[in-house]
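# Inside the fold
One letter stands for each residue in the lines below.
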Amino acid sequence: MLRQPARAISPRRRRTTACALAIVTVGTGAASAFSPCSVLAGRGRGLSQKSDNPAGLPAAPKGALTDIVIPSVFSGGILEGIDVCEGGAKEDPRVWVPQTDCLSFRPLCFCTSQGYYVNLLRFTGGGILGTHRHPSPVHALTLKGGWGYKEHDWHADAGTYVFEPPGETHTLVVDADCEEMVAMFHVTGALIYVDADSGDVTGYDDVFTKLEKAREWYRKCGLGEDYAEEFIR
Ligand code: FE
């Protein structure tokens, strides 16, 4: 039985040093176009980053690559004039697969042939995606709201790109005062859920578990199990 740790959290302020830097450099358009400073995280391989989870699991083990955090990739008005819903048609809300009480996902690609998936992750009213480890890389692009990892100082606001290096163990947090957070995640391999206190593995998610969740939901909601098949490559 797989466990998907997610729960509502109380409002709190996250550390926003990284965000402040983003605003100064590229956030409002007041500053000049591109600046190398807009990449917030370090470069290359880092030393083991100590985590604040009770089990002492490293946010990044020794020799792992450092994360990349680029805010405001939508700056310069590149999204202007783009209709988010083609033809003005109303989106069928059933395309969103409920995963927990505060988290749902919309599949874009289930790449069963290469072991990755691409999906939009949506949190409503804040919440936590429990502590998990990535044996393979993850790419994320925030479209709405904001999120972060308990183990890192940066905060990914709308328009922020994040590269999560293989080896990361982290806990995704969306603040309770964030009405809605939507981000595109490209996940290679798996999320291996661990108990933050003991470090014990409690479950996992990969392209196959996500596909099963989608099939089950689409069957239940009336879109039909086959709806999920459209995204398999
Ligand atoms: Fe993650």
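Residues numbered from 1 in each chain as written. Predicted model: local features only at pLDDT ≥ 70, side-chain atom pairs only at ≥ 80, totals over all residues.

### What about the overall build of the protein?
Here is the rule: Secondary structure counts use DSSP, requiring at least four H or I residues in a row for a helix and at least two E residues in a row for a strand, with both numbered from the N terminus. Burial in this document is a count-based property: other C-beta atoms within 10 Å of a residue's C-beta are tallied, and the residue is buried at 20 or more, exposed at 12 or fewer, or partly exposed in between, with C-beta positions derived from the backbone. The contact criterion used here is simple: two residues whose C-beta atoms, placed from the backbone, lie within 7 Å are in contact.
For the protein, the count of helices and strands is 3 helices and 14 strands. Burial statistics for the protein: of 233 residues in total, 33% are counted as buried. In the protein, once contacts between residues fewer than 6 apart in sequence are set aside, the share between residues at least 24 apart is 69%.

### Points about helix α2 (residues 207-221)
For clarity, the threshold we go by: In this analysis, the expected span of each helix is defined as 1.5 Å times one less than the number of residues it contains. Think of the arc as the fan of directions from the helix axis to the C-beta atoms.
End to end, α2 covers 21 Å across 15 residues, agreeing with the expected 21 Å (1.5 Å per residue, within 8%). Buried within α2 are the following residues: V207, K210, A214, W217 and Y218. Here the buried residues of α2 occupy an arc of 100° about the axis, which is enough to place them on one side. Seen from the open side of α2, the exposed residues pointing more than 90 degrees away from its buried face are E212 and K220. Packed against the buried residues of α2 are β3 (97-98), β4 (103-111), β5 (116-124), β14 (201-206) and α3 (226-229). Trailing α2 by a residue or two, G222 shows a phi angle of about 100°, which is positive.

### A word on the pairing of strand β10 (residues 161-164)
For clarity, the cut-off: Should DSSP find at least two bridges between two strands, the strands are regarded as paired.
Going residue by residue along β10, you find V162 and E164 tucked away on one face and Y161 and F163 left uncovered on the opposite face. Looking at chain direction, strand β2 (residues 68-70) and β10 are connected through 3 bridges and run antiparallel. Across the sheet, the residue bridging to I68 is F163, located in β10. As defined by bridge partners, strand β7 (residues 138-144) adjoins β10 across 4 bridges and the pair is classed as antiparallel. Pairing of L141 across the sheet is with Y161, part of β10.

### As for the environment of V182
With respect to the helices and strands, V182 occurs in strand β12 (residues 180-188). Given 18 C-beta atoms within 10 Å, V182 falls into the partly exposed group. Separated by 38 residues in the primary sequence, V182 and K144 place their C-alpha atoms 4.9 Å from one another.

### Considerations on the nonpolar core
A general feature of soluble globular proteins is that nonpolar side chains tend to end up buried together. The criterion, for reference: We call a set of buried Ala, Val, Leu, Ile, Met, Phe, Trp, Tyr and Cys residues a nonpolar core when their C-beta atoms link them within 7 Å.
Judged by nonpolar contacts, the single largest core of 35 residues is most densely connected at W147 and V187. Every element with two or more residues in this core is listed here: β4, β5, β8 (146-149), β11 (169-174), β12, β13 (190-194) and α2. Not counting chain neighbours up to four residues away, the residues in contact with W147 comprise T142, A156, L172, V173, V174, M181 and A183.

### Comments concerning the sheet that holds β4
Basically, it comes down to this: The axes used here are C-alpha line fits, helices contributing only the stretch in contact, and every angle between their N-to-C directions lies in the interval 0 to 180 degrees.
Pairing is antiparallel across the open sheet formed by 7 strands, whose spatial order is β2-β10-β7-β12-β5-β4-β3. Two strands close off the open sheet at either side, each with one partner strand: β2 and β3. Contacts from α2 reach β3, β4 and β5 within the one sheet, and its direction differs from that of β4 by about 115°.

### Observations concerning the environment of I192
When you line up the elements, I192 lands in strand β13. Linking I192 and G130, residues 62 residues apart in sequence, is a C-alpha distance of 10.0 Å.

### Focus on the pairing of strand β6 (residues 127-133)
Burial of β6 is extensive: 5 of the 7 residues sit out of reach of the surface. Bridge analysis of β6 against β11 gives 5 bridges, and the strand direction is antiparallel. Looking across to β11, one finds that G127 is bridged to V174. Relative to β13, β6 is paired through 2 bridges, and the arrangement is antiparallel. Bridged to H132 within β13 is Y193.

### Some details on the confidence of the model for the protein
Here is the rule: pLDDT is a residue-level measure of predictor confidence that goes from 0 to 100.
When pLDDT is averaged along the protein, the result is 78, and 70% of the positions lie at 70 or above. Here residues 1-5 is modelled with pLDDT under 50, and outside its nearest four sequence neighbours on either side it reaches 10 contacts, counting other chains as well. Taken as a whole, residues 7-38 scores under 50 in pLDDT and shows 55 contacts with residues more than four places along the chain or in a different chain.

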